[in-house]
Amino acid sequence: MAPQDKNTPPPLPEPLRGAVADSHTHLDMQENSTVEEALAKAASVGVTTVVQVGCDLAGSRWAAETAAAHDSVHATVALHPNEAPRIVLGDPDGWSRQGAREAGGDTALDAALAGIDELAALPQVRGVGETGLDYFRTGPEGMAAQERSFRAHIEIAKRHDKALVIHDREAHDDVLRILREEGAPERVVFHCYSGDAEMAKICAAAGYYMSFAGNVTFKNAQPLRDALAVAPPELVLVETDAPFLTPAPYRGRANAPYLIPVTLRAMAEVRGVTEDALATAVAANTARAFGY
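Residues numbered from 1 in each chain as written. Predicted model: local features only at pLDDT ≥ 70, side-chain atom pairs only at ≥ 80, totals over all residues. Heavy atoms only, no water.

(A) Spatial organisation of the nonpolar core. Within the largest apolar cluster, 72 residues are counted, with the highest numbers of intra-cluster contacts made by Phe150, Leu164, Leu179, Phe190 and Tyr193. For this core, the element with the highest residue contribution is helix H4 (residues 105-120), accounting for 6 residues. Each residue touching Tyr193, except ones within four places of it in the same chain, is listed here: Met199, Ala200, Cys203, Met210, Ser211, Phe212, Leu224 and Ala227. In terms of nonpolar packing, the next biggest core, distinct from the first, is built from 10 residues, Val165, Tyr209, Leu235 and Phe290 among them. (Core = buried A, V, L, I, M, F, W, Y, C linked by side-chain atoms within 4.5 Å. Buried < 20%, exposed > 50% of the residue type's maximum accessible area, 1.4 Å probe, protein only. Helix = DSSP H or I, 4+ residues; strand = E, 2+ residues; numbered from the N terminus. Contact = heavy atoms within 4.5 Å.)

This is the structure in structure tokens:
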């Protein structure tokens, strides 16, 4: 692919015949498009609902405000697993969107969690997430902060009766263990599901939703396709995680909610069902998972 193509948005896919939801997106991180433009473009191909996901306190407030302003947007609020160690231990490199930060310790984490708790009470906030564990980006020194934050988010989700949206990167066993120890909320969504078929059976037995993103289309993603093939039809969701994880053949370009049909069609092929049947199931599943 020529370098200039990286900056060219992928073309509009053929519209779906039924309406579906993007169960996990980050409109605040999508450049070259206003919220209104992104929603209009998505709706033009049948993606009529999006779940806007918070990753820190500022982003969660933005998600709640955006959902309040747009009927087609539902919000989730949380401190991302990588955000918790930054709050507690500081972030000298300024890797996150807030730039360099001082260590605030557990007191700062408690204050941030109190802010999330407050937002979680709002009616347009349908979920608590993305929370969970990320052992890819956070080393052993940050694990305690991640775990403390994850357990607190589980409690917040249960108390407000909201869906729990999980970010699980290279931490499957610990995520499942902590859910068992704390007692999972009624509705749990594994965002950008990254486990294998065996883990899909464990999630299915527990009634956890599995949301598949554009990486299910990647050549090296056979374990993901195997998981998708065995996941119960009533527990499958689709997402973009835009601007990340753009589906093939557009990998490397910016993702956006309007590209959901590309991933959905690939998923229908894996499951051996029509795209209409999968779209209908996914739309109902997402509404059930997020209680809208």
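(B) Broad picture of the packing of aromatic side chains. Tallied over the entire structure, the rule returns 2 aromatic pairs. Here the aromatic rings of Tyr193 and Phe212 are separated by 5.5 Å at their centres, their planes lie at 50°, and the arrangement is tilted. Here Tyr193 is found in the loop between strand E6 (188-190) and helix H7 (197-206), whereas its partner Phe212 is found in strand E7 (residues 209-212), with 19 residues between them in sequence. Assessed through its relative accessible area of 1%, Tyr193 is described here as buried. On the basis of relative accessibility, which here comes to 0%, the residue Phe212 falls in the buried class. Sitting over the ring of Phe136, Arg169 keeps its end group 3.6 Å from the ring centre. The ring of Phe218 has Arg251 lying over it, and the distance from NZ or CZ to the ring centre is 3.7 Å. (Phe/Tyr/Trp six-rings, centres within 6.5 Å; stacked < 30°, edge-to-face > 60°. Lys NZ or Arg CZ within 6 Å of the ring centre and 35° of its normal.)

(C) Quick peek at the environment of Leu259. Inspection of the secondary structure assignment puts Leu259 in the loop between strand E8 (236-238) and helix H9 (260-271). Judged by its relative accessible area of 0%, Leu259 falls in the buried class. When the C-alpha positions of Leu259 and Pro13 are compared, they lie 6.7 Å apart, and in sequence the two are 246 residues distant. What Leu259 contacts, discounting residues up to four positions off in sequence, is Pro10, Pro11, Pro13, Thr246, Pro247 and Ala254.

(D) Looking closely at the pairing of strand E4 (residues 125-134). With 9 of 10 residues buried, E4 is to be regarded as a mostly interior element. Of the strand pairs in this sheet, strand E3 (residues 73-77) and E4 are connected by 3 bridges, and their pairing is parallel. Pairing of Val77 across the sheet is with Val128, part of E4. Bridging between E4 and strand E5 (residues 163-169) involves 6 bridges; their strand directions are parallel. From the neighbouring strand, Gly127 faces E5, where its bridge partner is Ala163. Handedness of the crossover joining E4 and E5 through helix H5 (residues 140-160): right-handed. (Pairing = 2+ DSSP bridges. Right-handed = clockwise from strand over helix to strand, strands pointing away.)

(E) Here's a closer look at the pairing of E3. Across the 5 residues that make up E3, a large majority, 5, are buried. Residues of E3 alternate between two faces, with Val73, Ala75 and Val77 on one and His74 and Thr76 on the opposite face, all of them buried. Sheet topology note: the strand E2 (residues 47-53)/E3 ladder contains 4 bridges and is parallel. Its bridge partner being in E3, Gln52 is matched across the sheet by Ala75. Tracing the backbone out of E2, into helix H2 (residues 57-69) and back to the parallel element E3 gives a crossover that is right-handed.

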